[in-house]
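As a plain string of letters, each chain reads:
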Amino acid sequence: MAYNHQEIEKKWQQYWREHKTFKAENKFDLPKYYVLDMFPYPSGAGLHVGHPLGYIASDIYARYKRHQGFNVLHPMGYDAYGLPAEQYAIQTGTHPEITTGKNIKRYRQQLDQIGFSFDWDREVRTSDPAYYKWTQWTFIQLFKSWYNKKTDKAEPIADLIKQFENTGNAGVEAACDEVEIFTADQWKQMDEKQQQEMLMHYRLAYLSKTMVNWCPALGTVLANDEVKEGLSERGGHPVERKLMKQWSLRITAYAQRLLDGLEKVEWPDSLKEMQRNWIGRSEGASLSFQLADKDVAPEGIEVFTTRPDTLFGATFMVLAPEHELVEKITTPEQKEEVEAYTLWAKNRSERERMTEVKTVTGKFTGAYAVNPLTGKNVPIWVADYVLSGYGTGAIMAVPAHDSRDFAFARHFELPIIQVVAADAEGQREDPSQWDESYDAKEGVLINSGFLNGLSVKQAIRAAIDKLEEMKIGTGKINYRLRDAIFSRQRYWGEPFPIFYKEGMPYPLSEDELPLKLPEVDKYLPTETGEPPLARAKNWKTKEGYPLETNTMPGFAGSSAYYLRYMDPHNNKEYFSKEANQYWRNVDLYIGGDEHAAGHLIYSRFWNKFLFDLGLACEDEPFQKLINQGKIQGRSSFVYRVNIEKYAEYLLWEKMKHLENAKNVVHQYKDGRRKFDFYHPDKELIIEIKRRENLEKLKPYYEDYIKTTNKRLILIPAADIIENMDLTIAEITQVLEATDKGVIFNWGKVRDLKPLFVSKNIPDREKFSTPLHVDINMVDNDVLDTEAFKKWLPEFADAQFILEEGKYICGHEVEKMSKSKHNVQNPDDLIEKYGADTLRLYEMFLGPIEQDKPWDTKGIEGVSRFLKKMWRLYFTEDNVLQVTDEEAGEAERKVLHKTIKKIRSDIERFSFNTGVSAFMICVNELSDLKCHKREILKPLTILLEPYAPHFAEELWQKLGHTESISRVDFPEYNEKYLKEDSFAYPVSFNGKMRFKLALPVNMPKEEIEKAVLAAEEAQRWLEGKTVRKIIVVPKRIVNVVVG
RNA sequence: GCCUGAGUGGUGGAAUUGGUAGACACGUUGGACUUAAAAUCCAAUGAGCAUUGCGCUCGUGCGGGUUCAAGUCCCGCCUCAGGUACCA
């Protein structure tokens, strides 16, 4: 009995708490380091082993940085608003705050058990009024700001108003909705409401009627990143498009800066790429097509294209079904068809549209536009492959060079003109023979008037120049990114600090914040379909103006929490300037990549806005980011025997064995009827059934037999399984006899207990189905059959077909989930092995950024390692045996090699190899029987980031009275690592044959000689010529012979 | 379809710049200690061949290539995972 983890861990957790060991002071003279985890949503299920993975990694890094003298900010908090608590409230009436509070308590308990070095004094909760006051405050700032493209930043709306008053909006370059030009006088003549409406088109937080993702099941609107494949991310409910008046954030104003910022952060490439795709920048031109009949729509049709070079090949146009011109331009003859089509298209759900990507639909409007370069009339179609939300909702179709346009043209027999050819010869092909479009981004223009002979790149430039000259178009950059829909028709979220006066929204004054979430009688929409907040009594301002009833979405509170941690108790401002100047931004951020298109974009946007306001001093919030991989579950399976199939299988095997099989048809079919066996000579059908089915099916068989001359014997499955020989005898008897009809002996029917077959029993898959079994009853794939019987009442009298006396389970790697019975919660493991072992093991599993399956069986290895390390310090009787004797060369080499390795592994976030290095070190020190302070003291510090309780205890036992947490990290000394000789692997023609120890500083020529002279070399040299010798010092010798 | 990333023993994984493939650990097998079990310790453990010893051959998803030397670099595929999807 040596290392008592339970006692030690409790002791040090208490010490840290009492001494506030990990409190990060705003001590501005020390170098800072900010390590952050993505804060969790506290769900009711608590933590499973996957959650702490990233926290352990960041904790190791944070502790390592403290050892290097950094003032480390390593906070934790809770993303406390969320749908599950609200859904629970709807079902049970329990206030979400109560549920959330309970869950947070459990999370805290679990987190504390693992020994994280969080500064809990800085905890934030997004649902805490003291916190969301600043979420609301930021919203007001967004509301009061507009984006000036000239200065490329957000500016106060008050300044914009001044400009309107002085010069109107003509000179304003803003990221805004489409607005008409007005003069200063016109502005002044507008009434208050008109002015407010105009300003709404400019605000960064604005109210507008837009197409939103409406999820009827959740009763709320969702942002684009909350919708996955047409279903809600939470719950997987269908989502439909709906026009609604909603708050949005003008994140599109920041699209370019969000893209550019990616260049200067150290994030995984895949994540940056995901954000780039999400932002979706494309360069091209916007131009307008005039209608052939100008009177119908004098403004023409504006389109965006990335390929203005192909304009000569634009043979038709397509409008989205929602496009406002559709109704206007459709000719009377086409009206009926087009109306029917647009109605149909608008009512299709997102999901339908997605699953039917390949089907081509559309209608001709009857109208024509004029191709501005060719002057030819091109027909205007309406089709749902053009999206109203992207570009202008209208396109010029170039079927020869765009696959979708091509498919459309083929389907509706529209003309296809090739305008780009592969080579300079301008090779012409006949597009009518093509199977697909030629989507080339390189090539030479043909059939294109003044563009002929130019490369694609040159032609794009030339075409834009021409359009600008003709004043019908201009070069333009378009983004896929949409403004973020910010309203939720939900209770459990931040209330908007907004009230309405004559239908127009106004912000509350800042001294009225926080606007607290009111009590409601039910967490459901009102009878008239208004959000739950409409149920609150007196939900209005002091003056009696009604307050906004929507609440903010989940990402509101998480968008700037990292800033609040810098100064979490400040009730005068978001955070103080000094605190922000000092902590600046997050140096290391660890979390899952599921937030790539959500939180990680929103918070970058939010931060950039605060940067523009002069509040945040860094314009990128997260300097380095690591995505920790997911820990997948390792499910175990038992194989439940299908009694009928099994009996049938046994009987067939027996028949084959008795060589009766050739007389019998297995799985006999007569029309649509199927039978287990048929003996054609004797016209006997053999059917095997379970007890329940015997009764049910007997009349059915009798019916069948009546119409044929066949006989049928019904055999209870249990008979075969329990007494095969008797059954065979019975069948043989019936075969020889001449009984007619259905032969069946009721007297013998018995019940069979549930039966399970071990994994490697031959043909198991033929007669059994896998069933998830709780992984806690399985050890090393062996099922604890007694525990299994107790698991569920229906298995109480289960029986097993074993192999070598054991029941072996199958396994599969899947998502960790309750329903798969493969959830591993950390509490049990901590109880059994301790937090330090759990920490080491989670790191030991594999690279931090990789997904990996959880399997408890390896945990013994790290547990043994800690025990083995303990024995370097203590005797069998737990007496300290550390000596002050001077360490030998070998011991020093082990230590310094380990210091070097551990340092470099932590710095490159390779925590799994770090754990291996500790194991190697302890194995080697054990072999050397090393108990020397000179070695063990630095080793203790080295281990502290990984196994802090263990290290603290050893540190104290070594005679120290202060915590180990801020002791200098050991440095390695090259001089102990120097080797006099190196064992050269000697290869012949690239194959390693033997090793030869040679002095490190031996010159190449001498190494060659020594190798050729070596005894082991002779058999490889025999009868061969040495053609070349490659010597890489301290690496390898390769002899080329031939 | 497009964009990322990954494929190495029975398992998790290591090999950092092209230089001894399989570190470390689990599991398995054998042994020691023990009345017994647990714990601990020792040995073996990629596959195949040969086992009288030396050993030999193959081997990092598949097929080619570059190189004295390829898990690592290049070309072409296959499979899996994640993201995204009429984005003009």
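Residues numbered from 1 in each chain as written. Chains lettered and ligands numbered in written order. Predicted model: local features only at pLDDT ≥ 70, side-chain atom pairs only at ≥ 80, totals over all residues. Heavy atoms only, no water.

1. Digging into the overall build of chain A
Threshold: Put simply, DSSP H or I for four residues or longer makes a helix, DSSP E for two residues or longer makes a strand, and each gets a number counted from the N terminus. The buried label goes to any residue with under 20% of its type's maximum accessible area, the exposed label to any with over 50%, and the partly exposed label to all in between, with areas taken from a 1.4 Å probe on protein chains only. Only heavy atoms enter the contact rule, under which two residues are in contact if any of them lie within 4.5 Å. The protein chains shown are the only cover counted for residues, whose accessible areas, like all others here, come from Shrake-Rupley with a 1.4 Å probe.
Counting secondary structure elements, chain A contains 34 helices and 40 strands. Its C-alpha atoms put chain A at 100 × 95 × 85 Å along the principal axes. Across the 1042 residues that make up chain A, the buried fraction comes to 53%. The contacts of chain A with a sequence gap of at least 6 include a subset with a gap of at least 24, amounting to 72%. Here chain A has roughly 49100 Å² of accessible surface; of this, 48% comes from carbon and sulfur atoms.

2. Section: a positive patch on the surface
Test applied: Patch construction takes residues with relative accessible area above 30% that form no salt bridge. Like charges are linked within 9 Å, and nonpolar side chains (Val, Leu, Ile, Met, Phe, Trp, Tyr) are linked within 5 Å. Salt bridges are defined by distance alone: a side-chain nitrogen of Lys or Arg within 4 Å of a carboxyl oxygen of Asp or Glu. Counted charges follow a simple rule, with Lys and Arg positive, Asp and Glu negative, and His plus the chain ends left uncounted. Where a charge sits is defined by one atom per residue type, namely NZ (Lys), CZ (Arg), CG (Asp) or CD (Glu).
A grouping of K991, R993, R1019 and K1024 is seen on the molecular surface, where their side chains present a positively charged patch. Relative to the assigned elements, R1019 resides in helix 34 (residues 1018–1021).

3. Description of the domain arrangement of chain A
Formally: The split into domains, and so the bounds of each, comes from an automatic or database assignment of domains.
Assigned domains within chain A: domain 1 (139–256 + 483–535), domain 2 (281–479), domain 3 (631–657 + 687–734 + 747–823), domain 4 (828–976) and domain 5 (981–1041). On a C-alpha basis, the centres of domain 2 and domain 4 stand 66 Å from each other.

4. What about the side chain of T541?
By the element assignment, T541 lies in the loop between strand 21 (504–507) and helix 16 (554–558). The exposure class assigned to T541 is buried, which follows from its relative accessible area of 8%. Contact partners of T541, with chain neighbours within four places excluded, come to F499, L508 and L547.

5. What to know about unusual backbone geometry
Of the consecutive residues L513 and P514, the connecting peptide bond is found in the cis state with omega at -5°. Inspection of the secondary structure puts P514 in the loop between strand 21 and helix 16. Non-glycine residue K20 carries a positive phi angle of around 45°. With respect to the helices and strands, the residue K20 is situated in the loop between helix 1 (5–19) and strand 1 (32–37).

6. Some remarks on the nonpolar core
Nonpolar side chains in soluble globular proteins tend to end up buried together. What counts is decided by this rule: What is meant by a nonpolar core is a set of buried Ala, Val, Leu, Ile, Met, Phe, Trp, Tyr and Cys residues, joined one to another through side-chain atoms within 4.5 Å.
Counting residues in each nonpolar core, the largest one holds 155 residues, and the members touching the most others are F486, Y561, Y873 and L939. Counting the residues that make up this core, at least three belong to each of domain 1 (139–256 + 483–535) and domain 4 (828–976). For Y561, the contacting residues outside a window of four places in its chain are L36, D37, M38, F39, V124, Y131, Y589 and H599. Counting 51 residues, the second-largest nonpolar core is a separate cluster that includes M317, V326, I395 and F408.

7. Concerning the sheet that holds strand 27 (residues 684–689)
The strands that make up a sheet pair up through hydrogen bonds in the backbone, lying either parallel or antiparallel. The condition that has to hold: DSSP calls a pair of strands paired once it identifies at least 2 bridges connecting them. Convention adopted: a line fitted to C-alpha atoms gives each axis, helices being fitted over their contacting stretch, and angles between N-to-C directions are expressed from 0 to 180 degrees.
The mixed open sheet is built from five strands, whose spatial order is 25-26-27-28-29. Looking at the sheet topology across the chains shown, the edges are occupied by strand 25 (665–670) and strand 29 (742–743). Packed on one face of the sheet, helix 20 (residues 643–657) meets strand 25, strand 26 (673–679) and strand 27 and runs near 135° to strand 27.

8. A short note on the packing of helix 5 (residues 129–143) against helix 19 (residues 599–612)
Basically, it comes down to this: Roughly parallel here means an angle under 35 degrees, roughly antiparallel means over 145, roughly perpendicular means 65 to 115, and every remaining angle is called oblique. For a crossing to be left-handed, the near helix must be turned anticlockwise from the far one by less than a right angle; the clockwise case is right-handed. Amino acids are sorted into nonpolar (Ala, Val, Leu, Ile, Met, Phe, Trp, Tyr, Cys and Pro), charged (Asp, Glu, Lys and Arg) and polar (every other residue, Gly among them).
Running from N to C, helix 5 and helix 19 cross one another at 70°; their axes reach a closest spacing of 11 Å. Relative to helix 19, helix 5 is oriented roughly perpendicular. In this structure, helix 5 meets helix 19 at a crossing whose hand is left-handed. On the side of helix 5, the interface is formed by T135, W137, T138, Q141 and L142, while helix 19 contributes F605, W606, F609 and L610. Its residues placed into classes, the contact of helix 5 with helix 19 shows six nonpolar, three polar and no charged.

9. Description of the sheet that holds strand 6 (residues 220–222)
Read across the sheet, four strands follow the order 6-5-9-19 without closing on themselves; strand pairing throughout is antiparallel. Each of the sheet's edge strands pairs with one partner strand only, and the pair in question is strand 6 and strand 19 (484–485). Where strand 5 (residues 205–215) and strand 9 (residues 240–249) come together, 10 bridges link them in antiparallel fashion. Residue pairing across strands places Y206 opposite S248, the latter belonging to strand 9.

10. A short note on the pairing of strand 15 (residues 394–397)
With burial as the criterion, each face of strand 15 is covered, one bearing A394 and M396 and the other bearing I395 and A397. Where strand 12 (residues 316–319) meets strand 15, four bridges bridge the pair, whose relative direction is antiparallel. Counterpart to V318 in the pairing with strand 15 is I395.

11. Some remarks on the protein's contact with RNA strand B
The criterion, for reference: To be near a molecule or strand, a residue needs just one of its heavy atoms within 4 Å of it. Here a polar contact is recorded for every N or O atom pair within 3.5 Å, except that within protein the pair must consist of a potential hydrogen donor and a potential acceptor, and residues adjacent in sequence are included only if both atoms are side-chain atoms.
The environment of RNA strand B is formed by 52 residues, the closest being T306, R404, L845, R864 and K901. Taking the atoms of RNA strand B that fall within 4 Å of the protein, sugar and phosphate contribute 61% of them. Measuring from a phosphate oxygen of RNA strand B, one finds a side-chain N or O atom of N923 at 3.0 Å. Between RNA strand B and R993, the relevant distance is 3.4 Å, taken from a phosphate oxygen to a side-chain nitrogen or oxygen of the residue. Where the surface near RNA strand B is concerned, the elements lending two or more residues are helix 10 (269–279), strand 11 (301–305), helix 28 (859–873), helix 30 (911–927), strand 38 (991–999), helix 34, strand 39 (1026–1032) and strand 40 (1036–1041). Among the elements that line the surface near RNA strand B, the one with the most residues is helix 30, at six residues.

12. Topic: the environment of L231
The topology assignment puts L231 in strand 8 (residues 231–232). Residue class for L231 comes out partly exposed when judged on its relative accessible area of 23%. When the C-alpha positions of L231 and D159 are compared, they lie 42 Å apart, and in sequence the two are 72 residues distant.

13. Topic: the pattern of salt bridges
On inspection of all chains with the given rule, the structure shows 54 salt bridges. Here E86 and R490 are joined by a salt bridge, their closest N and O atoms 3.7 Å apart. Here R490 lies in the loop between strand 19 and strand 20 (498–501) and E86 lies in helix 3 (residues 83–92), a separation of 404 residues in the sequence. Across this residue pair, the class does not change: E86 and R490 are buried. The salt bridge partner of R125 is E123, with a shortest N-O separation of 2.7 Å.

14. Things to note about helix 29 (residues 889–907)
Heads up, the condition is: For a helix, the expected span equals 1.5 Å multiplied by the number of residues minus one.
With 19 residues, helix 29 should cover 27 Å at 1.5 Å per step; its first-to-last C-alpha distance of 27 Å lies within 8% of that length. Among the residues of helix 29, E891, R892, V894, L895, H896, T898, I899, I902, R903, D905 and I906 are the ones counted as buried. Residues of helix 29 that are buried make contact with helix 2 (52–67), helix 30 and helix 31 (933–943). F909 lies just past helix 29 and shows a positive phi near 55°.

15. Quick look at helix 30
Its 17 residues place the ends of helix 30 25 Å apart at the C-alpha level, agreeing with the 24 Å of an ideal helix rising 1.5 Å per residue. Buried-residue contacts for helix 30 involve helix 2, helix 27 (835–844), helix 28, helix 29 and helix 31. Just beyond helix 30, the residue with positive phi is K929, at close to 50°.

16. Some details on the pairing of strand 28 (residues 711–716)
What counts is decided by this rule: Throughout, right-handed denotes a crossover for which the path from the first strand over the helix to the second runs clockwise when the strands point away from the viewer.
With respect to burial, strand 28 is a largely interior element, six of its six residues being buried. Burial along strand 28 is two-sided: R711, I713 and I715 and L712, L714 and P716, pointing in opposite directions, are all buried. In the sheet, strand 27 pairs with strand 28 via six bridges, with the strands oriented parallel. Looking across to strand 28, one finds that I686 is bridged to I713. Taken together, strand 27, helix 21 (residues 691–706) and strand 28 form a β-α-β motif whose crossover is right-handed. With two bridges connecting them, strand 28 and strand 29 associate as parallel partners. Residue pairing across strands places L712 opposite V742, the latter belonging to strand 29.

17. Focus: a nonpolar patch on the surface
The grouping of I1030, V1032 and I1036 at the surface amounts to a nonpolar patch, some 190 Å² of accessible area in total. With respect to the helices, strands and loops of the structure, V1032 is situated in strand 39. You can call V1032 partly exposed: its relative accessible area is 34%.

18. Observations regarding a negative patch on the surface
A cluster of acidic side chains, namely D191, E192, E197 and E502, defines a negative patch on the protein surface. Inspection of the secondary structure assignment puts E502 in the loop between strand 20 and strand 21.

19. Observations concerning the packing of aromatic side chains
Put simply, the test is: Ring pairs shown here join Phe, Tyr and Trp side chains whose ring centres sit within 6.5 Å, with only the six-membered ring taken for Trp; geometry is labelled stacked below 30 degrees between planes, edge-to-face above 60, and tilted in between. In this scheme, Lys NZ or Arg CZ marks a charge over a ring once it lies within 6 Å of the ring centre and within 35 degrees of the ring normal.
Tallied over the full model, the rule gives 79 aromatic pairs. Ring geometry for F982 versus Y984: centroids 4.9 Å apart, planes at 80°, classification edge-to-face. Measuring from centroid to centroid gives 6.2 Å for F988 and F994, while their planes differ by 40°, and the two rings are tilted. For the pair shown, F988 and F994 are each scored as buried. A connected cluster of aromatic rings, assembled from ring pairs, spans Y33, Y61, Y64, F70, F909, F911, F918, Y946 and F969. Across the ring face of F143, the terminal group of R203 is positioned such that the distance to the ring centre comes to 3.9 Å. The ring of Y639 is capped by R764, whose NZ or CZ atom sits 3.8 Å from the centre of that ring.

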